[in-house]
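Results of the structural survey
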Amino acid sequence: MTQTIALITGASRGLGKNTALKLAQRGIDVIFTYHSQADEAAALVAEIQALGRKAIALQLDVAQSEQFAAFGAQVQSLLRTHWQREQFDFLINNAGIGINAPFAETSEAQFDQLMNLHVKGVFFLTQTLLPLIADQGRIINISTGLTRFALPGFAAYAAMKGAVEVLSKYLAKELGPRGITVNVLAPGAIETDFGGGAVRDNEHINQFIAQQTALGRVGVPDDIGGVIAALLSEESRWINGQRIEASGGMFL
Ligand SMILES: NC(=O)c1ccc[n+]([C@@H]2O[C@H](COP(=O)([O-])OP(=O)(O)OC[C@H]3O[C@@H](n4cnc5c(N)ncnc54)[C@H](OP(=O)(O)O)[C@@H]3O)[C@@H](O)[C@H]2O)c1
């Protein structure tokens, strides 16, 4: 039987890391990228290997689309060497940063930084990797609850994620003939390093979100990785072109 392989961007920490572990626990091998945290990436490789799965960490700045051709060639070569395969099965576009700035004070540099990583990066990395994604494969793009509800300070960030949600529908339409499904997973506020770790470390923000959440607490990475793994399971094969929110019921 062919070994299933996932490629996750930004899995050295947070939601990407949790997803990598949840997939490895389900018998899936993982290629993942990191940006700055080489030690964290190496630790995750060891953790996945301890689960009996193959794992490879690659450095990539998803905001630098000129690196994508070389990255694609690197992935292709690794697939041949380590798996004797030409393609992988699941792409999870997860890498991201948060910038909290009021609309009136958002600089062009901040806008461009978010645009290059969250929109241009997702668009052209997916385009580059498309020949390496197997027919009947899956793509999950990570968005945010902030596209459904508005909180001050996230105009640029949420607009980028909104673009990813629209893009995902178009990808689902265009890749359908190859049997590839494309869905959006939109987490609510989760305790990670994201945005300087504010949701986790700022008691005021943490309590505010907990009060606005039906389940009465802020999310943790363990609330997300399993949802992504479930969306990638055989049982979820008919879900396509959808935005699925995992927020514990924020702002219902
Ligand atoms: N946490 C939340 O509340 C929340 C809510 C909704 C949506 N999200 C979304 O979920 C995704 C993951 O967020 P997280 O909470 O896991 O954040 P995180 O803990 O800060 O982790 C971010 C990950 O993205 C990588 N990364 C950052 N900048 C990058 C770049 N320029 N190129 C490539 N990789 C880069 C980081 O790599 P290094 O570790 O190597 O630097 C890290 O692996 C993001 O798309 C975010 O927008 C998060």
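Coordinates for the structure precede this section.
What comes next concerns the included structure. Residue numbering note: each chain is counted from 1, following its sequence as written. Where local features are concerned, this predicted model is filtered to residues with pLDDT of at least 70; where side-chain atom pairs are given and counted, the filter is 80 or more; whole-chain, interface and lining totals use all residues. Water and hydrogen atoms play no part in the side-chain values, which are based on all heavy atoms of the structure.

Section: the site of the ligand
Proximity criterion: a residue is near a molecule or strand once any of its heavy atoms comes within 4 Å of it. The local shell around the ligand holds 31 residues, among which R13, S36, N94, Y157 and T192 are the closest. We define a polar contact as two N or O atoms separated by no more than 3.5 Å, with the added condition that, inside protein, one atom must be a possible hydrogen donor and the other a possible acceptor, whereas residues neighbouring each other in sequence contribute only through side-chain atom pairs. Note that a nitrogen atom of the ligand is positioned 2.9 Å from one of the side-chain N or O atoms of D61. Its free accessible area being 900 Å², the ligand has 96% of it covered by the protein chains. Put simply, DSSP marks the helices as runs of H or I at least four residues long and the strands as runs of E at least two long, and each gets a number from the N terminus on. Of all the elements in the fold, those that place two or more residues in the shell around the ligand are helix 1 (14–25), helix 4 (108–129) and helix 5 (155–175). Only the protein chains shown count as covering a residue, and every accessible area follows the Shrake-Rupley method with a 1.4 Å probe.

Concerning empty space enclosed by the protein
Grid spacing is 1 Å over the protein atoms alone, the probe is 1.4 Å, and a cavity is where that probe fits but cannot get out, while a pocket is an open set with protein on both sides within 12 Å along at least five of seven lines and lining residues have an atom within 4 Å of a point. Grid points are joined across faces, edges and corners, and a volume is the space filled by probe spheres set on the points. In this structure the tally under the stated criterion is two cavities of 30 Å³ or more. By volume, the largest cavity is sized at about 80 Å³. Taken together, T9, V62, N93, N94, A95, L117, H118, V122, N141, I142, K161 and V164 make up the full set of residues lining the largest cavity. Within the residue set of the lining of the largest cavity, elements represented by two or more residues are helix 4, strand 5 (133–142) and helix 5. Take the lining of the largest cavity: its biggest share by element is three residues, from helix 4. Residues are grouped as follows: Ala, Val, Leu, Ile, Met, Phe, Trp, Tyr, Cys and Pro are nonpolar; Asp, Glu, Lys and Arg are charged; every other residue, Gly included, is polar. Classifying every residue of the lining of the largest cavity by side-chain character gives six nonpolar, five polar and one charged. Its volume calculated, the second largest cavity comes out at about 40 Å³. Forming the walls of the second largest cavity are I99, A101, T106, Q110, F111, L114, G153, F154, A155 and A156. Of all elements in the fold, only helix 4 and helix 5 reach the threshold of two or more residues within the lining of the second largest cavity.

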